[in-house]
Amino acid sequence: MKILILNGPNLSRLDLREQKHYGQMDYPQLKAAIEQKASELKIDVEIKQSDSESELISWLHEAADKKLPVIFNPAAFTHYSYAIRDAVSMLTAPAIEVHLSNPLSREEFRHTSVISGVVQGTIAGFGVDSYRLALIAMQKIIG
Ligand code: DQA
């Protein structure tokens, strides 16, 4: 079973963002760490990133058609994209929302997730471990 891992806007420039929230890892290192954990767990993953709402929605539609489980960091779209929420709610396999930082400990606009209500669960605040924990949780969910 393949798991699709989607990352939203600005995550490709991780090492240039606020270090107190995102640490020092760059995006290729984040990808490599996720791939390493997936291989330990014997899970096949495909990891993609886009700054475009439209492209993320197309990938979610494809995942729905292929019945792929999705681990998703929607980045800033988390807080306001009803279009992405609607696409996530159309998924046909489980989805887990992840965040590197803990949005609830940050600015007030980050306290709302329009995505949380349409996913199995959310893991936030553990840096790259949020993705590792999501892989473990997803493996248990899909068996
Ligand atoms: C983020 C948290 C969001 O609030 C922010 O807009 C991001 C990254 C995270 O992984 O911590 O871009 O999703």
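The residue count restarts for each chain, going from 1 along the sequence in the order it is written. Restriction of local features to residues with pLDDT of at least 70 applies here, the model being predicted, together with a cutoff of 80 or more for giving and counting side-chain atom pairs; totals for whole chains, interfaces and linings are based on all residues. As a rule here, side-chain values come from all non-hydrogen atoms in the structure, and water together with hydrogens is ignored.

Q: A description of the pattern of salt bridges should follow, citing residues and the corresponding values.
A: By salt bridge we mean one thing: a side-chain nitrogen of Lys or Arg within 4 Å of a carboxyl oxygen of Asp or Glu. Here the structure, examined in full by the defined rule, presents 8 salt bridges. The closest approach of N and O atoms between glutamate 40 and lysine 37, which form a salt bridge, is 3.5 Å. Taken as a pair, glutamate 40 and lysine 37 lie in helix H2 (residues 27–40) at a separation of 3 residues, close to a single helical turn. Ionic pairing is found between lysine 66 and glutamate 62, a salt bridge with its closest N-O pair at 3.7 Å. Secondary structure elements are taken from DSSP: a helix is a run of H or I of four residues or more, a strand is a run of E of two residues or more, and numbering for both begins at the N terminus.

Q: Help me get a handle on the nonpolar core, residues and values and all.
A: The tendency in soluble globular proteins is for nonpolar side chains to be buried side by side. Counting residues in hydrophobic clusters, the biggest one holds 25 residues, and the most contacted among them are Ile5, Ile71 and Leu135. Breaking this core down by element, the ones donating at least two residues are strand S1 (2–7), H2, strand S2 (44–49), strand S4 (95–99) and helix H5 (128–142). In plain words, nonpolar cores are sets of buried Ala, Val, Leu, Ile, Met, Phe, Trp, Tyr and Cys residues tied together by side-chain atoms within 4.5 Å. The cut-offs for exposure are 20% and 50% of the maximum accessible area for each residue type, with area from a 1.4 Å probe on protein chains only; residues under the lower value are buried, those over the upper are exposed, and the others partly exposed. Trp59, Leu60, Ala95 and Val114 belong to the second-largest nonpolar core, a separate cluster that totals 20 residues.

Q: Help me get a handle on helix H3 (residues 53–66), residues and values and all.
A: Since the α-helix turns once every 3.6 residues, residues separated by three or four places project in the same direction. For a helix, the expected span equals 1.5 Å multiplied by the number of residues minus one. End to end, H3 covers 20 Å across 14 residues, agreeing with the expected 20 Å (1.5 Å per residue, within 8%). When H3 is considered as a whole, its buried residues turn out to be Leu56, Ile57, Trp59, Leu60, Ala63 and Ala64. Taken end-on, H3 shows its buried residues confined to a sector of 160°, consistent with a single buried face. Of the exposed residues in H3, the ones pointing more than 90 degrees away from its buried face are Ser54, Asp65 and Lys66. Should any heavy atoms of two residues lie within 4.5 Å, those residues are counted as being in contact. Those residues of H3 that are buried are in contact with S1, S2, strand S3 (70–73) and helix H4 (82–89). In the segment just after H3, lysine 67 is the residue with positive phi, at about 60°. Working definition: the arc comes from the directions between the helix axis and the C-beta atoms, pointing outward to the latter.

Q: Summarise the packing of H2 against H5; cite the residues concerned and give the values.
A: The description of two helices packed together rests on the angle between their axes and the distance between the axes. Orientation is described by lines fitted to C-alpha atoms, with helices fitted over the stretch in contact, and by angles between N-to-C directions that extend from 0 to 180 degrees. Between H2 and H5, whose axes approach to 10 Å, the crossing angle comes to 25°. The angle between H2 and H5 falls in the class roughly parallel. With respect to the hand of their crossing, H2 and H5 are arranged in right-handed fashion. Residues Leu30, Ala33, Ile34, Lys37 and Ala38 of H2 form the contact with H5, whose participating residues are Val128, Tyr131, Arg132, Leu135 and Ile136. Gly is put with the polar residues, along with every residue not named as nonpolar or charged; the nonpolar set is Ala, Val, Leu, Ile, Met, Phe, Trp, Tyr, Cys and Pro, and the charged set is Asp, Glu, Lys and Arg. Residues of the contact of H2 with H5, tallied by class, amount to 8 nonpolar, no polar and 2 charged. Oblique is the label for any angle not covered by the other classes, which are roughly parallel (under 35 degrees), roughly antiparallel (over 145) and roughly perpendicular (65 to 115). Put simply, a crossing is left-handed when the front helix is turned counterclockwise from the back one by less than a right angle, and right-handed when it is turned clockwise.

Q: Summarise the pairing of S1; cite the residues concerned and give the values.
A: When you tally the buried positions in S1, you get 5 out of 6 residues, the bulk of the element. Here, strands pair whenever DSSP counts at least two bridges between them. Pairing between S1 and S2: 6 bridges, direction parallel. The residue of S2 that forms the bridge with leucine 4 is glutamate 46. In this sheet, S3 lies alongside S1 in parallel orientation, the contact comprising 4 bridges. For isoleucine 5, the partnering residue across the bridge sits in S3 and is isoleucine 71.

Q: For the environment of glutamate 53, give the residues involved together with the corresponding values.
A: Assignment of secondary structure puts glutamate 53 in helix H3. With a relative accessible area of 30%, glutamate 53 lands in the partly exposed category. With 57 residues separating them in the primary sequence, glutamate 53 and arginine 110 have C-alpha atoms 18 Å apart. In this view, glutamate 53 contacts Phe77, Ser81, Ala83 and Ile84; residues no more than four positions away in its chain are not counted. Reaching out from glutamate 53, the side chain makes a polar contact with the side chain of serine 81 at a distance of 2.5 Å. Pairing of N or O atoms within 3.5 Å defines a polar contact, subject to two protein rules: one partner must be a possible hydrogen donor and the other a possible acceptor, and residues neighboring in sequence count only if both atoms are side-chain atoms.

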